[in-house]
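The primary structure of each chain is shown beneath.
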Amino acid sequence: MTDNVWTRWPSREALSRVGVHRARRVLAWVTRTVVLVMLVATTLTNSALSGWALAGGVTGIAVCGFLAWAFWRTTLEHRLLPSLALLALLLALATAGYGAGFRIPALVLLCGCGVAAIERLPLTAALPAMAVALSAYAALDNDVWLTSAATTAGLALAGYVLRLDSEARASAQRLLVQERAAHAAEAESAALAERARIAREIHDVLAHSLSAQLVHLEAARLMIERGADREAILERVVAARGMARDGLAETRQALSALRGEMSPLEDFLGELVATAGRAGVTVTGERQSLPAEASQAVRRVAQEALTNVRKHAPGAKIDIRLDYGEHEVTLDVRDSGGKPGELSGSGAGYGLLGMRERAELLGGSLDAGPGEEGFVVTLKVPV
């Protein structure tokens, strides 16, 4: 629905004191106080009045102050009829006061009504109300018509300028609120993303560690069923315990990596193949420092690929190639194949799926499938 500028109220932010600087609020209160004191002093020093007339004048000023406050409240709540009724009462009191001899307070009140109307009411109501108030002022003022016309025009312009200033302040306040909300949402989103990243990292570490433990424990189970030698079974159990210990160490390393404390990728791959038996690492391209998430992805894929080789092709030769390209880093892990191991059916098969999801989150890709001899896992991550 189209917003009609003529029937639209000034916003509540514009009609309230929200966003008004403290110095400006103090200045406004000082100005109101000075005007009120001057009106009371003018009334009390009016030589043409005395006794009950003066008391009535002071009471009338107090009543006008209360009505002005009520007008401020009703316009703040966007209640049109009560606002117009209060404004009409103020205009009536001003006219009555002028007739009773309170000329200056009456003229000031008429001017204030005209300015307040254009500042705080919808234009369809503000313009007639302002015209009535300023016309009454011009009619009751004793100045020449040119001076009265200039004064009324200046007051109308002043009221409209105040209206525009209030709306500009309200717009700035709304933008500030929106900016703060956007910053809060951005901070919350960043926190959630960081939590998801940490959770994903810990999940991958634990998944790899538990998968490696499962290999040895499943082997131990099969050996027990076949009545194997106690020392051989114990060797598998000790290996599983070592995997658990290594998993805890990798968890700590992952947390350190998330803090930026990460060993070079080539050193990590060298340590990985040192415990893998028949494995080698080849690094090509100009070596460069990778972002933490990209480096972690390469490490986890390499670990998962080696674990899969131990399960599905034990004893196979493993070749790991790491290529630093201009825009991406490529990890290629391939084995020479061989007879499936006894543990090839263990595990749920979610390891490579998790690695593929990690790569896609980074804008990369992961391909896994049979090669010329064995199985090939290729990871590409943009840098």
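Residues numbered from 1 in each chain as written. Predicted model: local features only at pLDDT ≥ 70, side-chain atom pairs only at ≥ 80, totals over all residues. Heavy atoms only, no water.

Q: Please clarify how the sheet that holds strand β3 (residues 328-335) should be interpreted in this entry.
A: Adjacent strands of a sheet form backbone hydrogen bonds with each other and so pair up, either parallel or antiparallel. Pairing within the open sheet is mixed, and its 5 strands lie in the order β1-β2-β3-β5-β4. What marks the edges here is a single partner per strand, and that holds for β1 (279-285) and β4 (365-370). Here the strands of the sheet are splayed against their neighbours by 10° on average, with no regard to which way each runs. In the sheet, β1 pairs with strand β2 (residues 318-324) via 7 bridges, with the strands oriented parallel. Directly across from Thr282, in β2, lies its bridge partner Arg321. Sheet contacts for helix α9 (residues 265-274): β1 and β2; angle to β2, the most-contacted strand, approximately 180°. (Pairing = 2+ DSSP bridges. Helix = DSSP H or I, 4+ residues; strand = E, 2+ residues; numbered from the N terminus. Axes fitted to C-alpha atoms, helices over the stretch in contact; angles between N-to-C directions. Contact = heavy atoms within 4.5 Å.)

Q: How should the nonpolar core be read in this particular structure?
A: A general tendency of soluble globular proteins is for nonpolar side chains to be buried together. Core analysis: the largest hydrophobic core is formed by 29 residues, its most contacted members being Leu322, Leu331 and Leu379. Among the secondary structure elements, those contributing two or more residues to this core are α9, α10 (292-312), β2, β3, α11 (351-361) and β5 (375-382). Here the element with the most residues in this core is α10; it accounts for 7 residues. In contact with Leu331, not counting residues within four places along its chain, are Val298, Val301, Ala302, Ile320, Arg321, Leu322, Val377, Thr378 and Leu379. Of all hydrophobic cores here, the second largest spans 28 residues; its members include Leu76, Leu86, Leu107 and Cys111. (Core = buried A, V, L, I, M, F, W, Y, C linked by side-chain atoms within 4.5 Å. Buried < 20%, exposed > 50% of the residue type's maximum accessible area, 1.4 Å probe, protein only.)

Q: How should I be thinking about the packing of α9 against α10 in this particular structure?
A: If you want to describe how two helices pack, look at the angle between their axes and the distance between the axes. In contact at an axis separation of 11 Å, α9 and α10 are set at 10° when each is read in the N-to-C sense. Classified by the angle their axes make, α9 and α10 are roughly parallel. Contact with α9, carried on its side by Leu265, Phe268, Leu269 and Leu272, involves Ser295, Val298, Arg299, Ala302, Gln303 and Leu306 of α10 and no other residues of that element. (Parallel < 35°, antiparallel > 145°, perpendicular 65-115°, else oblique.)

Q: Explanation requested: the side chain of Arg120 in the structure shown.
A: Summarising the element assignment, Arg120 is placed in helix α5 (residues 103-120). For the buried residue Arg120, which engages in no salt bridge, the nearest side chain bearing the opposite charge is Glu119, 5.2 Å off. In this structure the side chain of Arg120 is engaged in a polar contact, spanning 3.2 Å, whose partner is the backbone oxygen of Leu15. In contact with Arg120, other than residues within four places in its own chain, are Trp9, Pro10, Leu15, Phe71, Trp72, Thr75, Leu76 and Arg163. (Lys, Arg positive; Asp, Glu negative; His and termini not counted. Salt bridge = Lys/Arg side-chain N within 4 Å of Asp/Glu carboxyl O. Polar contact = N/O pair within 3.5 Å; in protein donor to acceptor, adjacent residues only side chain to side chain.)

Q: What's the story with the pattern of salt bridges in this structure? I'm lost.
A: Opposite charge on two side chains permits pairing when their charged atoms draw close. Throughout the structure, instances matching the rule amount to 8 salt bridges. Residue Glu13 is joined to Arg174 by a salt bridge in which the shortest nitrogen-to-oxygen separation is 3.4 Å. Linking Glu13 in helix α1 (residues 12-15) with Arg174 in helix α7 (residues 145-225), this pair joins segments that are 161 residues apart in sequence. Relative accessible area serves as the criterion here: at 27%, Glu13 is assigned to the partly exposed category. The partly exposed category is assigned to Arg174, whose relative accessible area is 31%. Note that Glu231 is salt-bridged to Arg230, the shortest N-O span being 3.7 Å. Accessibility expressed as a relative area gives 49% for Glu231, which makes it partly exposed.

Q: Just checking my understanding: could you explain the environment of Val381 for this structure?
A: Mapped onto the elements of the fold, Val381 is located in strand β5. We classify Val381 as buried; its relative accessible area is 1%. Along the sequence, Val381 and Leu290 sit 91 residues apart, while their C-alpha atoms lie 9.9 Å from each other. Those residues within four positions of Val381 in sequence are excluded, and the remaining contacts are Ala294, Glu328, Val329, Leu362 and Gly364.

Q: Please clarify how helix α4 (residues 80-99) should be interpreted in this entry.
A: Residue pairs spaced three or four apart in an α-helix point in one direction, given the helix's 3.6 residues per turn. Compared with an ideal rise of 1.5 Å per residue, which puts 20 residues at 28 Å, α4 spans 29 Å between its outermost C-alpha atoms and is within 8% of the ideal. Along α4, the residues that are buried comprise Ser83, Leu86, Leu87, Leu90, Leu91, Ala94 and Gly97. One side of α4 carries all its buried residues, which in axial view fall inside an arc of 140°. Turned more than 90 degrees from where α4 packs its buried face, Leu81 and Gly99 sit exposed. (Expected span 1.5 Å × (residues − 1). Arc of directions from axis to C-beta.)

Q: Would you take a moment to explain the packing of aromatic side chains for this structure?
A: In this description, an aromatic ring pair is defined by two values, namely the gap between the centres and the angle between the planes. Across all of its chains, the model carries 1 aromatic pair by this definition. Sitting over the face of the ring of Phe268, Arg299 holds its NZ or CZ atom 5.1 Å from the ring centroid. (Phe/Tyr/Trp six-rings, centres within 6.5 Å; stacked < 30°, edge-to-face > 60°. Lys NZ or Arg CZ within 6 Å of the ring centre and 35° of its normal.)

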